[in-house]
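Close look at the chain arrangement
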Amino acid sequence: MENLIFSLNATIPVFLLMVLGYILRRLRVVNEPFVNTLNSFNYKITLPVLLFRDIAESDFMSVWDTTYVLYCFLVTLICIIIIWILTTLCYRNRSQIGEFIQASYRSSAAVLGIAFIQNIYGNSGMAPLMIIGTVPLYNVAAVLILSFTGPTGGRLDKKRFLTSLHGIITNPIIIGILLGMIASASGVAFPFIVSKTINNISSLATPLALIGLGAGFEGRRALQQIRPTMICSAIKLIIQPLLFLPLAIYLGFTHEMLVAVLIMLGAPTTVSCYIMAKNMGHEGTLTSSVVVATTFLSSVTITTWLYVLKAMGLI
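Residues numbered from 1 in each chain as written. Predicted model: local features only at pLDDT ≥ 70, side-chain atom pairs only at ≥ 80, totals over all residues. Heavy atoms only, no water.

1. A closer look at the overall build of the protein
Where we set the bar: Note on conventions: DSSP H or I runs of at least 4 residues are helices, E runs of at least 2 residues are strands, and numbering of each starts at the N terminus. Throughout this description, buried means an accessible area under 20% of the type-specific maximum (1.4 Å probe, protein chains only), exposed means over 50%, and partly exposed covers the range between. Any two residues having at least one pair of non-hydrogen atoms within 4.5 Å are treated as being in contact. Note on areas: these come from Shrake-Rupley sampling with a 1.4 Å probe, and a residue is covered only by the protein chains present in the view. Charge convention: Lys and Arg are scored as positive, Asp and Glu as negative, and His as well as the terminal groups of each chain are ignored. All charge positions are set by atom: Lys at NZ, Arg at CZ, Asp at CG, Glu at CD.
The number of helices and strands found in the protein is 14 helices and zero strands. Of the regular secondary structure in the protein, the N- to C-terminal order runs α-α-α-α-α-α-α-α-α-α-α-α-α-α. For the protein, the spread of C-alpha atoms along the principal axes amounts to about 55 × 45 × 40 Å. Residues classed as buried in the protein amount to 50% of the 315 residues present. When contacts within the protein are restricted to residue pairs at least 6 apart in sequence, long-range pairs at least 24 apart make up 86% of them. Of the roughly 14700 Å² that the protein leaves accessible, carbon and sulfur atoms contribute 68%. Taking the 19 positively charged and 11 negatively charged side chains of the protein as two groups, their mean positions are separated by 13 Å.

Spelled out as structure tokens, the structure:
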């Protein structure tokens, strides 16, 4: 019972904030332009500041783990390659292949990932190392996949690829992590006024991000592509953690490291998938359906995974 309560305490508050956002949208307290502005504000300001603070206040170099970063990168790469090959061989609807692949591997590492880890440990834990190992690869792979499977007839759109690379370099979350590493390595001590301001901004990150995610929730779209949506959701929430969590355990990753790996493998599909799919000429219906379904179902699957890991004494 103690392990179950721990798991519920880690997940339910996160999803209750998303439910609050959904209710506020239905009551028209917030509207779509506000949600878009809120999501942009969170992505560009509050989440980078949160990561900067957590890294700057810790001895980051002492927790840097090359094996862990390589694990995150290589496992993500393996997942992408396997899903790409199997989908190309087995998926009949050729126009949806790109959407299916991207939605199967790309997790909401920054928003939901940080929310879960912070809810358990009180800070972003090992999320920054996981993000370094995965997020740049997420974006590069998405451009390649959506280009080769899109309406352009299997040609790589060089302009979009260069735009994506520029987006990675200027990614606010990556910049926040790098600046935090510099601040940690230099041992700089911020004046109280500055540190208090940073803490105030950081405290907004998780609740606002979750409310924004819930407010943008479109439940009806999940019914439009139910069969591929369920298959994609199973890959995202169950199969990937089932295959690669044992390897993480074998390598000795526990506590914050293991929770970050769980988020990398089994967190819901990020909303960025839908935005990128639409911008690259894809229909986007399947992607939006998977985002909705995985977000809803992850309240059960992540709770279950956390319960299992807690029962095993690994977190």
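2. Some points on unusual backbone geometry
Trans peptide bonds make up the majority, and among non-glycine residues the majority have a negative phi. Its identity is not glycine, yet Arg-28 carries a phi of approximately 65°, on the positive side. Take Arg-28: it is sitting in the loop between helix 1 (2-26) and helix 2 (32-56). With phi around 50°, His-255 is a residue other than glycine that occupies positive phi space. Among the secondary structure elements, His-255 is positioned in helix 12 (residues 255-266). A relative accessible area of 36% places His-255 in the partly exposed class.

3. Here's the deal with the layout of surface pockets
Our working rule: A 1.4 Å probe that fits but cannot get out identifies a cavity on a 1 Å grid over protein atoms alone, an open set with protein on both sides within 12 Å along at least five of seven lines counts as a pocket, and a residue lines either if it has an atom within 4 Å of a point. Grid points are joined across faces, edges and corners, and a volume is the space filled by probe spheres set on the points. Each residue receives one of three labels: charged for Asp, Glu, Lys and Arg, nonpolar for Ala, Val, Leu, Ile, Met, Phe, Trp, Tyr, Cys and Pro, and polar for the others, Gly being one of them.
The calculated volume of the second largest pocket comes to roughly 420 Å³. Lining the second largest pocket we find 18 residues, and of these Leu-86, Thr-87, Phe-100, Ile-231 and Ile-235 sit closest to its centre. Counting residues per element, the ones that place at least two in the lining of the second largest pocket are helix 4 (66-90) and helix 11 (226-250). With eight residues, the single largest contributor to the lining of the second largest pocket is helix 11. Looking at the lining of the second largest pocket, its residues break down into 13 nonpolar, three polar and two charged.

4. Regarding the packing of aromatic side chains
Operational definition: For this analysis, a ring pair means two rings from Phe, Tyr or Trp (six-membered ring only for Trp) whose centres lie within 6.5 Å, classed as stacked if their planes differ by under 30 degrees, edge-to-face if by over 60, and tilted for the remaining angles. Over a ring means this: the NZ of a Lys or the CZ of an Arg is within 6 Å of the ring centre and within 35 degrees of the ring normal.
Across all of its chains, the model carries five aromatic pairs by this definition. With 5.4 Å between their ring centres and 70° between their planes, Tyr-71 and Phe-253 make a pair best called edge-to-face. With Tyr-71 in helix 4 and Phe-253 in the loop between helix 11 and helix 12, the pair connects residues that are 182 residues apart, well separated along the chain. For Tyr-71, a relative accessible area of 5% puts it in the buried group. Given the relative accessible area of 3%, Phe-253 is considered buried. The ring of Tyr-22 carries the charged tip of Arg-26 above its face, separated from the ring centre by 4.6 Å.

5. Points about helix 14 (residues 285-311)
For clarity, the cut-off: Under the convention used throughout, the expected extent of a helix is 1.5 Å for every residue step, that is, one less than its residue count. Think of it this way: the bend at a residue is just the angle between two axes, each fitted to seven residues, one set ending at that residue and the other starting at it.
For helix 14, with 27 residues, the first-to-last C-alpha span of 38 Å sits near the 39 Å given by 1.5 Å per residue. Where helix 14 bends most, the angle comes to about 50°, and this point is Ser-298. Following helix 14 by one or two positions, Gly-313 has its phi on the positive side, about 75°.

6. Details of empty space enclosed by the protein
Enumeration over the complete set of coordinates arrives at two cavities of 30 Å³ or more. Estimates place the volume of the largest cavity at around 50 Å³. Looking at the lining of the largest cavity, the elements that each hand over two or more residues are helix 4 and helix 12. With three residues, helix 4 is the largest single contributor of residues to the lining of the largest cavity. Classifying every residue of the lining of the largest cavity gives six nonpolar, two polar and no charged.

7. Some details on the environment of Gly-313
Checked against the element boundaries, Gly-313 lands in the segment after helix 14. Overall, the relative accessible area of 53% leaves Gly-313 in the exposed class.

8. Quick look at a nonpolar patch on the surface
Rules: Within this analysis, patches are made of residues with over 30% relative accessible area and no salt bridge. Like charges are joined at 9 Å or less; nonpolar side chains (Val, Leu, Ile, Met, Phe, Trp, Tyr) at 5 Å or less. Throughout this description, the term salt bridge denotes a Lys or Arg side-chain nitrogen within 4 Å of a carboxyl oxygen of Asp or Glu.
Nonpolar side chains collect at one region of the surface, where Leu-4, Leu-8, Ile-12, Leu-16, Tyr-307, Val-308 and Met-312 lie side by side and expose about 570 Å² of accessible area between them. Of all the secondary-structure elements, those providing two or more residues to the nonpolar patch are helix 1 and helix 14. Of all the elements, helix 1 adds the most residues to the nonpolar patch, at four residues. Its place among the elements puts Leu-16 in helix 1.

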